[in-house]
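Structural description and commentary
Residues per chain, in single letters:
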Amino acid sequence: MNLKDKILRTSEDKSILLIRLMVGAVFLSEGIQKFLFPAIRGAGRFEKIGLPSPEFLGAFVGAFEILCGALILIGLLTRLAAIPTLIIMLVAIATTKSEVLADEGFWSMMHGSRTDWAMLLGSIFLIIKGGGKWSVDRNS
């Protein structure tokens, strides 16, 4: 099996569409919001949590969220598109939830990170399973 086949190979499972809709819609929406509300969702947020080059990083992450969210929604290059979303979620959990854990405890951190965990696990799921029966990948 060549690399292209490994990337595009996907399950016949129709229900993968539900995970694609969840992950893709959240990332697409969050990416758009980084440009619509940069002070609270993009560069301003990144500056507040101490990330370097917040102006660049806000636009960079926002663009990746939009692109990868859209690719996941249509099921095109699903596995590849889910890799940046996985990285984004790992960074988000490490940079924002560790402080909550230290200041407010385990249960506050778990409550505040429920969407983060859902997106992290959804991204892992899509990397493993691919786009599913109703995806552009399936028809490639």
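Notes on the structure in this doc start here. (Residues numbered from 1 in each chain as written. Predicted model: local features only at pLDDT ≥ 70, side-chain atom pairs only at ≥ 80, totals over all residues. Heavy atoms only, no water.)

Looking now at the overall build of the protein. Looking only at helices and strands, one finds eight helices and zero strands in the protein. Taken from N to C terminus, the helices and strands of the protein fall in the order α-α-α-α-α-α-α-α. By principal-axis analysis of the C-alpha atoms, the protein measures approximately 45 × 30 × 25 Å. Counted over contacts in the protein with a minimum sequence separation of 6, partners at least 24 positions apart contribute 75%. For the protein, the accessible surface area stands at approximately 8,000 Å², while carbon and sulfur atoms represent 69% of it. Distance between charge centres in the protein, computed from 15 positive and 12 negative side chains, equals 10 Å. (Helix = DSSP H or I, 4+ residues; strand = E, 2+ residues; numbered from the N terminus. Contact = heavy atoms within 4.5 Å. Areas by Shrake-Rupley, 256 points an atom, 1.4 Å probe, with all protein chains shown as cover. Lys, Arg positive; Asp, Glu negative; His and termini not counted. Charge placed at Lys NZ, Arg CZ, Asp CG, Glu CD.)

Moving on: the packing of helix H2 (residues 16–36) against helix H8 (residues 114–129). Across the interface, H2 lies against H8 with an axial gap of 10 Å and an inter-helix angle of 130°. Taken together, the axes of H2 and H8 are oblique relative to one another. Remark: the crossing between H2 and H8 carries left-handed chirality. Residues Ile16, Ile19, Arg20, Met22, Val23, Val26 and Phe27 of H2 form the contact with H8, whose participating residues are Ala118, Met119, Gly122, Ser123, Phe125, Leu126 and Lys129. Taken together, the residues of the contact of H2 with H8 break down into 10 nonpolar, two polar and two charged. (Axes fitted to C-alpha atoms, helices over the stretch in contact; angles between N-to-C directions. Parallel < 35°, antiparallel > 145°, perpendicular 65-115°, else oblique. Left-handed = near helix turned anticlockwise from the far one by under 90°. Nonpolar A, V, L, I, M, F, W, Y, C, P; charged D, E, K, R; others polar.)

Tallied over the entire structure, the rule returns three aromatic pairs. On the basis of an interplanar angle of 20° and a centroid distance of 5.4 Å, the ring pair of Phe56 and Phe60 is categorised as stacked. One end of the pair, Phe56, and the other, Phe60, are both in helix H5 (residues 54–74), four residues apart, so they sit about a helical turn from each other. Judged by its relative accessible area of 54%, Phe56 falls in the exposed class. Classification of Phe60 as partly exposed rests on a relative accessible area of 40%. Here Phe106 and Trp107 contribute two aromatic rings whose centre-to-centre distance is 4.8 Å and whose plane-to-plane angle is 80°, an arrangement assigned as edge-to-face. Overall, Phe106 belongs to the partly exposed group, its relative accessible area being 43%. An aromatic cluster is built from Phe56, Phe60 and Phe64, whose rings are joined through pairwise contacts. (Phe/Tyr/Trp six-rings, centres within 6.5 Å; stacked < 30°, edge-to-face > 60°. Buried < 20%, exposed > 50% of the residue type's maximum accessible area, 1.4 Å probe, protein only.)

Let us look at the pattern of salt bridges. Applying the stated rule across the entire model yields four salt bridges. For Arg138, the salt bridge goes to Glu12, with nearest N and O atoms at 2.6 Å. Of this pair, Arg138 sits in the segment after H8 while Glu12 sits in the loop between helix H1 (3–8) and H2, and the two are 126 residues apart along the sequence. Overall, Glu12 belongs to the partly exposed group, its relative accessible area being 43%. The partner of Lys34 in a salt bridge is Glu65, with the nearest N and O atoms 2.9 Å apart. On the criterion of sequence distance, the pair formed by Lys34 in helix H2 and Glu65 in helix H5 is long-range, its members being 31 residues apart. (Salt bridge = Lys/Arg side-chain N within 4 Å of Asp/Glu carboxyl O.)

Packing of helix H6 (residues 78–104) against H8 leaves a shortest axis separation of 8 Å and a crossing angle of 155°. For the element pair H6 / H8, the angle class is roughly antiparallel. Crossing of H6 over H8 shows left-handed handedness. Contacts between H6 and H8 pair Thr78, Arg79, Ala82, Ile83, Thr85, Leu86, Met89, Leu90, Ile93, Thr96 and Lys97 from the former with Asp116, Trp117, Met119, Leu120, Ser123, Ile124, Leu126, Ile127, Ile128 and Lys129 from the latter.

On to unusual backbone geometry, then. Even without a glycine there, the phi angle at Ser53 is positive, about 45°. Residue position: Ser53 is located in the loop between helix H4 (43–48) and H5. Residue class for Ser53 comes out partly exposed when judged on its relative accessible area of 47%.

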